[in-house]
Amino acid sequence: MKVLLINGSPRKASNTGLALEEMAKVFREQAIDAEIAQVGALAARGCMGCGACGTLGKCVIDDVVNELAEKLRGADGLVLGSPVYYAGPNSTLTAICDRLFYSSSFDKTMKAGAAVVCARRGGTTAAFDRLNKYFTISGMPVVSGYYWNNVHGRLPGEAERDGEGMWNVRCLARNMAFLMKSIALGREKYGLPEREPEVRTNFIG
Ligand SMILES: Cc1cc2nc3c(=O)[nH]c(=O)nc-3n(C[C@H](O)[C@H](O)[C@H](O)COP(=O)(O)O)c2cc1C
């Protein structure tokens, strides 16, 4: 069992990273493999809308996105972590996620998803909602904690002192571990839900 955690922060000593490390510790305690990929300092461009992925099954820009796609293919869960920038997630992360989710052709149904954001003060729930959008268009159950998963801090290391934030992400990781294990059992017993052939109407009948 494996979880991929993607950190959108460009900072080496990242507060978001502290929250993700806290979660990774919980996953490892539960014998779940946890890999953290930090992408925020990469020069990754956004989606060009070229549609080449429709035939390639992967992004035409062969960079970290295709590497992450392979990791996500083999993962049971995905955590998206981001610093809050102007009340949204970091734009490098969303550039990567737009391409990752749009271009990867494998089924993500029942891979568990969780979003975690880090801010000095405000904009957390808007950033959190934005990240959850990737899961909720992909058949991925969203895992909850006991708050809208955020940690607070500005200077490197400050998030460690956010006791409630860190408590919540540990709880979130435990809930996620339970859900992933339950889904694995359910998949064995019942199989994945049947999926009808896609209907796309672009609002035009
Ligand atoms: C460009 C930029 C925009 C930011 N916007 C916000 C914001 O909207 N709200 C906020 O509370 N903090 C904001 N911050 C502060 C960061 O969210 C905060 O420093 C956080 O700890 C960064 O996480 P990291 O260490 O994982 O990079 C901003 C920081 C930067 C560099």
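Computed from a predicted model, the values in this text were never measured in an experiment.

## Some thoughts on the overall build of the protein
- Per the secondary structure count, the protein includes six helices and six strands.
- When its helices and strands are written in sequence order, the protein yields β-α-β-α-α-β-β-α-β-α-β-α.
- Against the compact-globule benchmark of 17 Å for 205 residues, the protein has a radius of gyration of 17 Å, which places it among compact chains.
- Taking the principal axes of its C-alpha atoms as reference, the protein extends roughly 50 × 40 × 30 Å.
- With 205 residues in all, the protein has 40% of them scored as buried.
- Contacts spanning at least 24 positions in sequence make up 77% of the contacts within the protein whose residues lie at least 6 apart.

## Looking at the nonpolar core
- In terms of nonpolar packing, the biggest core is built from 51 residues, with L5, A19, M23, V79 and M176 touching the most fellow members.
- Mapped onto this core, the elements with two or more residues apiece are strand 1 (2-7), helix 1 (15-29), helix 3 (64-73), strand 3 (77-85), helix 4 (91-103), strand 5 (112-119), helix 5 (124-136) and helix 6 (163-190).
- Discounting residues that sit within four places of it in the chain, A19 has contacts with G81, V116, C118, V151, A159, G165, M166 and V169.

## Examining helix 4
- End to end, helix 4 covers 18 Å across 13 residues, agreeing with the expected 18 Å (1.5 Å per residue, within 8%).
- Regarding helix 4, the residues found buried are T92, L93, T94, I96, C97, R99, L100 and S103.
- Tucked inside the fold, the buried residues of helix 4 contact helix 2 (53-56), helix 3, strand 3, strand 4 (88-89) and helix 5.

## Comments concerning unusual backbone geometry
- Although it is not a glycine, Y86 adopts a positive phi angle of roughly 50 degrees.
- Positive phi is not limited to glycine here, since A87 has a value of about 65 degrees.
- Residue placement: A87 occurs in the loop between strand 3 and strand 4.
- Look at A87 and you get partly exposed, because 13 C-beta atoms sit within 10 Å.

## Quick notes on the pairing of strand 3
- The element strand 3 is largely enclosed, with a buried count of eight among its nine residues.
- In this structure, strand 1 lies alongside strand 3, joined through five bridges in parallel fashion. Looking across to strand 3, one finds that L5 is bridged to V79.
- Here strand 3 pairs with strand 4 via two bridges, running antiparallel. Paired with V84 across the two strands is P89, which belongs to strand 4.
- In this structure, the hairpin formed by strand 3 and strand 4 is closed by a connection of two residues, where Y86 is found at a positive phi of approximately 50 degrees.

## Observations regarding the site of the ligand
- Neighbouring the ligand are 19 residues, the closest being S9, S14, T16, P83 and A119.
- Secondary structure elements with two or more residues in the shell around the ligand: helix 1, strand 3 and strand 5.
- Here the residues of the shell around the ligand are counted per class, giving seven nonpolar, eight polar and four charged.

## Describing the environment of C97
- Considering the arrangement of structural elements, one finds C97 in helix 4.
- On the neighbour-count criterion, C97 (24 C-beta atoms within 10 Å) is buried.
- For the pair C97 and R73, spaced 24 residues apart in sequence, the C-alpha separation works out to 14 Å.
- Once you skip the residues sitting within four places of it in the chain, C97 turns out to touch L80 and Y134.

## Side note on the environment of A69
- For A69, the position within the fold is in helix 3.
- Linking A69 and F27, residues 42 residues apart in sequence, is a C-alpha distance of 21 Å.
- Among residues more than four places away in sequence, those in contact with A69 are K58, L100 and S104.

Each value, and the rule that gives it
Residues numbered from 1 in each chain as written. Predicted model: local features only at pLDDT ≥ 70, side-chain atom pairs only at ≥ 80, totals over all residues. Helix = DSSP H or I, 4+ residues; strand = E, 2+ residues; numbered from the N terminus. Rg over C-alpha atoms; globule rule 2.2 N^0.38 Å. Buried ≥ 20, exposed ≤ 12 C-beta atoms within 10 Å, placed from the backbone. Contact = placed C-beta atoms within 7 Å. Core = buried A, V, L, I, M, F, W, Y, C linked by C-beta atoms within 7 Å. Expected span 1.5 Å × (residues − 1). Pairing = 2+ DSSP bridges. Near = placed C-beta within 6 Å. Nonpolar A, V, L, I, M, F, W, Y, C, P; charged D, E, K, R; others polar.

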